[in-house]
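An overview of the molecular structure
Next come the chains, spelled out residue by residue.
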Amino acid sequence: TMNIRQASEGILKTHVTWEEFEKNLTKALNTTARFGPNKSATDIGEGNGFASRCGLVNCDWQGEGADKLPKRVVLKMGSCMALMDLDAMMPADQSMFKDATPEMWLMMEKGIKDMHNIECDTYDFLELIGGEKGHAVPTRYYARSFTDENMLAGQICMEYVENGRMMNFWEKATVDQLKQIARALGKIQADSMKHEVVSETLRTKDVFGEFTKNTPRERYEVMFGPIKAMEASLTSAVEGMEALLPEYYGATVPSTIHKQLGLAPVLVNGDMRTENVLVDKDSGELRALIDWQCSHLGVGAEDLLRISFFAQTTVDRRASSAVLIEEMYSSFVSNLGSIPIPYTLQQLKEVYDLLFPHCALFFAAGLGVLMPATKPREGDDEEKQRRYEVVVDKARGVLEDIVTYHEKNKSSKHSVNWKYPAA
């Protein structure tokens with residue numbers, strides 16, 4: 001049987017054929033023009049996306065109105081192959097899949113299909129809340145979910161953001177860049193309150209709960225060992241945090257805090273890391289927030305925390321957190337229109353503090369995978385060393401602040417139940 005982890009004859013070796021793609025896109029753009037002989041697709045996943053194959057398609061339009069059509073588009077296809085490619089680069093004894101059973105493969109494929117479908121649902125919702133035009137989100141031309149009828153060719157085609165580039169984990173983002181992101185998030189959050197979310201998956205998605213379900217406690221508690229092995233200078237910061245792990249493992253606070261404190265839920269991206277933010281190549285201005293595969297309903301502070309961990313130096317993050325919360329909140333309030341303001345700035349600040357350790361642990365759990373990519377090797381230039389130092393600084397600050405906020409939250413006036421039942 002065919003599956004989404006095997007190479008196929010389609011675009012970038014996926015199951016999406018040129019014929020089907022052309023049919024879907026010409027219908028979406030309402031055009032009689034067709035792809036020309038010089039059509040092509042290049043892989044732009046760059047080792048950043050593990051749940052999809054992402055292609056930059058040069059359409060080479062021919063026919064009536066060809067000059068008015070988008071010359072290039074992005075085609076994102078749900079696929080296990082990026083993950084398989086990543087794994088193939090590992091030494092055999094470190095392969096993620098060396099003991100994989102057929103059941104595990106099926107579970108992984110289901111996970112990737114679910115993420116693709118969540119992104120399809122999110123784009124439906126973003127379109128409903130005033131089209132992507134007013135938001136820092138790429139225009140979607142069309143999308144096809146995975147279904148029983150479409151088991152192999154889940155796809156989303158969207159605008160290619162010209163002159164855009166991904167932010168990088170090893171860069172020092174400016175406070176001004178973070179303010180732009182905070183404002184964009186605030187607007188999406190406000191607009192998300194104006195319409196009912198019909199997607200059941202979007203309403204019940206629980207990113208943190210799934211992490212717990214897929215990560216047994218004993219595996220969780222040794223997850224941070226590789227950080228110490230790779231960067232000895234982080235040992236005491238990691239150990240300070242490790243002492244708290246038994247309390248935090250399995251906590252449902254991020255997924256349930258809005259229910260516990262009676263806050264109206266908003267749309268949350270759920271994976272707001274640097275590589276999911278596109279900025280202008282020349283000016284560094286925000287162009288788009290991408291990758292909505294982990295989106296869910298919850299508290300907007302979660303996205304702000306995550307992008308701050310990834311993008312800012314420790315000094316900047318600590319100095320600007322209050323300003324960024326205010327920036328996000330004022331954008332939220334000014335975009336609500338006739339809707340009554342559902343919570344105060346003070347409440348948002350309190351939620352930010354309460355969520356900090358939970359979101360920071362989630363960030364820290366990925367460091368063992370993210371840091372090796374920037375670690376310099378023998379003979380690397382100074383630039384590589386500088387990049388690595390930025391990453392180590394960000395990691396150290398977040399690890400230290402997990403303990404700081406843990407202590408601070410002990411005096412919070414909110415009694416939050418850590419094991420409150422999720423959706």
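Residues numbered from 1 in each chain as written. Predicted model: local features only at pLDDT ≥ 70, side-chain atom pairs only at ≥ 80, totals over all residues. Heavy atoms only, no water.

The name an unreviewed UniProt entry gives the chain is CHK kinase-like domain-containing protein, with Pristionchus fissidentatus as the organism.

1. What about the overall build of the chain?
Across its full length, the chain holds 16 helices and 12 strands. A compact globule built from 423 residues should have a C-alpha radius of gyration of about 22 Å, and the chain, at 22 Å, falls within 12% of that. In terms of overall dimensions, the chain has a C-alpha envelope of 65 × 60 × 45 Å along the principal axes. Each of the 423 residues in the chain was classed as buried or not, and the buried ones make up 52%. Within the chain, counting contacts between residues at least 6 apart in sequence, those at least 24 apart form 74% of the total. Within the structure as shown, the chain displays about 19400 Å² of accessible surface, and the carbon and sulfur contribution to it stands at 53%. Taking the 48 positively charged and 61 negatively charged side chains of the chain as two groups, their mean positions are separated by 1 Å. (Helix = DSSP H or I, 4+ residues; strand = E, 2+ residues; numbered from the N terminus. Rg over C-alpha atoms; globule rule 2.2 N^0.38 Å. Buried < 20%, exposed > 50% of the residue type's maximum accessible area, 1.4 Å probe, protein only. Contact = heavy atoms within 4.5 Å. Areas by Shrake-Rupley, 256 points an atom, 1.4 Å probe, with all protein chains shown as cover. Lys, Arg positive; Asp, Glu negative; His and termini not counted. Charge placed at Lys NZ, Arg CZ, Asp CG, Glu CD.)

2. Some details on helix α11 (residues 253–260)
Given 3.6 residues per helical turn, the α-helix brings residues three or four places apart onto the same face. Summarising burial for α11: 6 of the 8 residues are buried, a large majority. By the burial criterion, the buried members of α11 are Val253, Pro254, Ser255, Thr256, Ile257 and His258. Contacts from the buried residues of α11 go to α6 (207–214), β12 (296–298), α12 (301–311) and α14 (345–365). Just past α11, the residue Gly262 takes up positive phi, approximately 70 degrees.

3. Focus on the packing of aromatic side chains
Taken as a whole and judged by the stated rule, the model has 20 aromatic pairs. With 4.6 Å between their ring centres and 55 degrees between their planes, Tyr248 and Trp418 make a pair best called tilted. Within this pair, whereas Tyr248 is found in helix α10 (residues 245–248), its partner Trp418 is found in the segment after α16 (382–409), the two being separated by 170 residues in sequence. You can call Tyr248 buried: its relative accessible area is 6%. A relative accessible area of 27% means that Trp418 is categorised as partly exposed. Plain terms: the ring middles of Tyr329 and Phe332 are 6.2 Å apart, the flat faces sit at 40 degrees to each other, and that makes the pair tilted. Note that Tyr329 and Phe332 are positioned in helix α13 (residues 314–334) at a spacing of 3 residues, about one turn of the helix. For the pair formed by Tyr329 and Phe332, the shared burial category is buried. An aromatic cluster is defined as three or more aromatic residues linked by ring pairs; in this entry it consists of Phe169, Phe309, Phe310, Tyr352, Phe356, Phe363 and Tyr405. (Phe/Tyr/Trp six-rings, centres within 6.5 Å; stacked < 30°, edge-to-face > 60°.)

4. A look at the pairing of strand β11 (residues 286–289)
As paired strands, strand β10 (residues 277–280) and β11 are joined by 3 bridges and run antiparallel to one another. Pairing of Leu278 across the sheet is with Ala288, part of β11. (Pairing = 2+ DSSP bridges.)

5. A word on a negative patch on the surface
Residues Glu378, Asp380, Asp381 and Glu382 make up a contiguous surface patch of negative charge. Its relative accessible area of 63% is what places Glu382 among the exposed residues. (Patch = residues over 30% accessible without salt bridge, like charges linked within 9 Å, V, L, I, M, F, W, Y side chains within 5 Å. Salt bridge = Lys/Arg side-chain N within 4 Å of Asp/Glu carboxyl O.)

6. Quick notes on the nonpolar core
Buried together is how nonpolar side chains tend to be arranged in soluble globular proteins. With 92 residues, the main nonpolar core has Phe224, Met241, Val277, Leu289 and Met371 as its most contacted residues. Residue contributions to this core peak at 12 residues, all from α14. When neighbours within four sequence positions are excluded, Met241 is seen to be in contact with Phe224, Leu361, Ala364, Leu399, Ile402 and Val403. (Core = buried A, V, L, I, M, F, W, Y, C linked by side-chain atoms within 4.5 Å.)

7. Side note on the environment of Thr26
Residue position: Thr26 is located in helix α1 (residues 18–29). Accessibility expressed as a relative area gives 6% for Thr26, which makes it buried. Counting along the chain gives 43 residues from Thr26 to Leu69, while the straight-line C-alpha distance between them is 9.8 Å.

8. A closer look at the sheet that holds strand β7 (residues 155–159)
Adjacent strands of a sheet pair through backbone hydrogen bonds, lying either parallel or antiparallel. As summarised here, the arrangement of the 5 strands in space is β2-β3-β5-β7-β6, forming an open sheet in which the pairing is antiparallel. Pairing within the sheet leaves two strands with one partner each, and these edge strands are β2 (40–43) and β6 (140–144). Within the sheet, the average angular offset between the axes of one strand and its neighbour, ignoring direction, is 20 degrees. Note: β6 against β7, 4 bridges, orientation antiparallel. Counterpart to Ala143 in the pairing with β7 is Ile156. The sheet contacts of α1 involve β2, β3 (52–58), β5 (72–78), β6 and β7, and relative to β6 the element is tilted by about 130 degrees. (Axes fitted to C-alpha atoms, helices over the stretch in contact; angles between N-to-C directions.)

9. Re the environment of Ser283
With respect to the secondary-structure elements, Ser283 resides in the loop between β10 and β11. Of the residues examined, Ser283 reaches a relative accessible area of 46% and is grouped as partly exposed. A polar contact is formed between the side chain of Ser283 and the backbone nitrogen of Glu285, at a distance of 3.2 Å. (Polar contact = N/O pair within 3.5 Å; in protein donor to acceptor, adjacent residues only side chain to side chain.)

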